[in-house]
Amino acid sequence: MEMLGLYLSVPFCRSKCTYCNFASNVFPASYHDRYISRIENDLSSIRKRAKQWGAILPQAVDSIYFGGGTPSLLSPAQFRRLFTTVRREFAVLPTAEVTVECAPGQIEPAVLEALAECGVTRVSFGVQSFVDSEAKAIGRLHNRAVALEDIRRVQAAGIGDVSVDLIAGLPGQTLDSWYESLGVLADSGVDHASIYMLEVDDESRLGRELLVNGGRYRAKEVPDDDRIAEFYTEAVASLAGHGLAQYEISNFSRTDCESRHNLKYWRRQPYLGFGLDAHSMVRTHSGAAMRFGTTDDLDAYLKDPGWVDPRPLDREEEMEEAWFLGLRLNEGVSLGALRQEFSASAVRDFLSTIAELEDEGLAAFFDGDRVTLTPRGRLLSNEVFGRFLAEPAVA
Ligand code: SF4
């Protein structure tokens, strides 16, 4: 039976990190209650809306993910309200994975207590670097000691599953300092890690500084692409050596500690996103994937009761997604499963692309059925995924 995932976006942050281009910001606390009320309305009305759009929502929820932003800035009362509404509107399984993203140094004791009481099972920490000067340069408000202490506090509160995010390519980062961060992560004993390669976006403060050649955020000290690729490759090997195996381009875990919620995105399983700039994917009665989202403008979101553009994907779009989402995973894409879902001829249309990627050392076959990216393919994944767009129409 297919299960549903719920994503709740909390776009509030205490300060804006220099590299960040998310729809998050430092909003006055007066927004928080209005925002929670708005999400509660959406949680209560989504079944009716989905019915109008011809979408099917599975009854049972087996994953909830609070992302941001910094969800740990919500008050205990706001968390309790949201969990009460979620459990009233959806059948949340007792075994559901319930994740909350937290910023180290920004979890009040009463919030931690409320998270444990509300059934949170997993915390994902945006550490980014365990080297204090690097964390400071990007505007994080914690240092290594605070991050390690918060990991311990969360586990002591009974929330056993902890993930840590690191970024490869921060200003001033060197191979030695990168090894230092990886070593601290491994020693912390967490069972999940996400490693992102820094991409400087023009919309971030770091990106704008690069454009005007400024010096405030140390943009000129961002390592070059080859260096960042080297950091990433070292991380894959180092984490594997500490029992954290790669299962997705940016994600690593101990056995059975993969993020159930995030796997839904890559396996094209249904999820609903609530709050600012949140995305959803559900199925229609005919089985087609339907995607929709919300605005990334907070004032507009608070005023406007609508989801933007509910639209079923056509078969061609679904097939493209099956490739570029599935290939993110180390388990790869099963040709047999694709033939069953689409058709043998539809899959055949992509075989020449796969053969090209194989020739270039970017993809490989295994077990005679699965296609997976090679380590080099993962480094060049954006280029690889581009090859799956605009293929011939699916029969
Ligand atoms: S905490 Fe996360 S969402 Fe908030 S500014 Fe920093 S990177 Fe962006």
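Computed from a prediction, not measured in an experiment: that's the story for all the values here. (Residues numbered from 1 in each chain as written. Predicted model: local features only at pLDDT ≥ 70, side-chain atom pairs only at ≥ 80, totals over all residues. Heavy atoms only, no water.)

A. The arrangement of helix H1 (residues 30-53) in detail. Counted at 1.5 Å a residue, the expected span for H1 with its 24 residues is 34 Å, and the 34 Å between its end C-alpha atoms agrees. At serine 45, H1 shows its strongest bend, of approximately 50 degrees. Every buried residue of H1 is listed here: Tyr31, His32, Tyr35, Ile36, Arg38, Ile39, Glu40, Asp42, Leu43, Ile46 and Ala50. The elements touched by buried residues of H1 are strand E1 (4-10), strand E2 (55-56), helix H2 (76-89), strand E10 (271-274), strand E12 (289-293) and helix H10 (298-303). Backbone geometry just downstream of H1 places glycine 54 in the positive-phi region, at approximately 80 degrees. (Helix = DSSP H or I, 4+ residues; strand = E, 2+ residues; numbered from the N terminus. Expected span 1.5 Å × (residues − 1). Bend = angle between axes of the 7 residues up to and from the residue. Buried < 20%, exposed > 50% of the residue type's maximum accessible area, 1.4 Å probe, protein only. Contact = heavy atoms within 4.5 Å.)

B. A look at the environment of aspartate 62. Topologically, aspartate 62 is positioned in strand E3 (residues 60-68). The buried category is assigned to aspartate 62, whose relative accessible area is 11%. Linking aspartate 62 and methionine 3, residues 59 residues apart in sequence, is a C-alpha distance of 6.0 Å. Sequence-distant contacts of aspartate 62, defined by excluding residues within four places in its chain, comprise Met3, Leu4, Leu93, Ala96, Glu97, Arg260 and Lys264.

C. Just the sheet that holds strand E14 (residues 333-334), in detail. The strand order across the open sheet formed by three strands is E14-E16-E15, and the pairing between neighbours is antiparallel. Single-partner strands in this sheet number two, and they are E14 and strand E15 (363-366). Across two bridges, E14 lies against strand E16 (residues 370-373) in antiparallel orientation. Paired with valine 333 across the bridge in E16 is valine 371. Strands in contact with helix H13 (residues 344-359) are E15 and E16; relative to E15, the strand with the most contacts, it is inclined by about 105 degrees. (Pairing = 2+ DSSP bridges. Axes fitted to C-alpha atoms, helices over the stretch in contact; angles between N-to-C directions.)

D. Spatial organisation of the packing of H2 against helix H3 (residues 109-117). Look at H2 against H3: their axes get within 9 Å of each other, and the N-to-C directions meet at 15 degrees. Between H2 and H3, the angle falls in the class roughly parallel. Along this stretch, H2 crosses H3, giving a crossing that reads as right-handed. Touching Pro76, Phe79 and Arg80 of H2 are Ala110, Val111, Ala114, Leu115 and Glu117, all from H3. When its residues are assigned to classes, the contact of H2 with H3 shows six nonpolar, no polar and two charged. (Parallel < 35°, antiparallel > 145°, perpendicular 65-115°, else oblique. Left-handed = near helix turned anticlockwise from the far one by under 90°. Nonpolar A, V, L, I, M, F, W, Y, C, P; charged D, E, K, R; others polar.)

E. Region of the structure containing the domain arrangement of the protein. Under the domain assignment used here, the protein contains domain 1 (4-264) and domain 2 (314-395). Here the C-alpha centroids of domain 1 and domain 2 sit 29 Å apart. Of the residues lining the interface, eleven residues belong to domain 1; the matching set on domain 2 comes to nine residues. Buried surface at the junction of domain 1 and domain 2, summed over both partners, amounts to about 800 Å²; 58% is from carbon and sulfur atoms. When the buried surface of domain 1 facing domain 2 is broken down by residue, Gln246, Glu248 and Ile249 rank first, second and third, together holding 54% of it. (Domains from an automatic or database assignment. Buried area = accessible area lost by both parts, 1.4 Å probe.)

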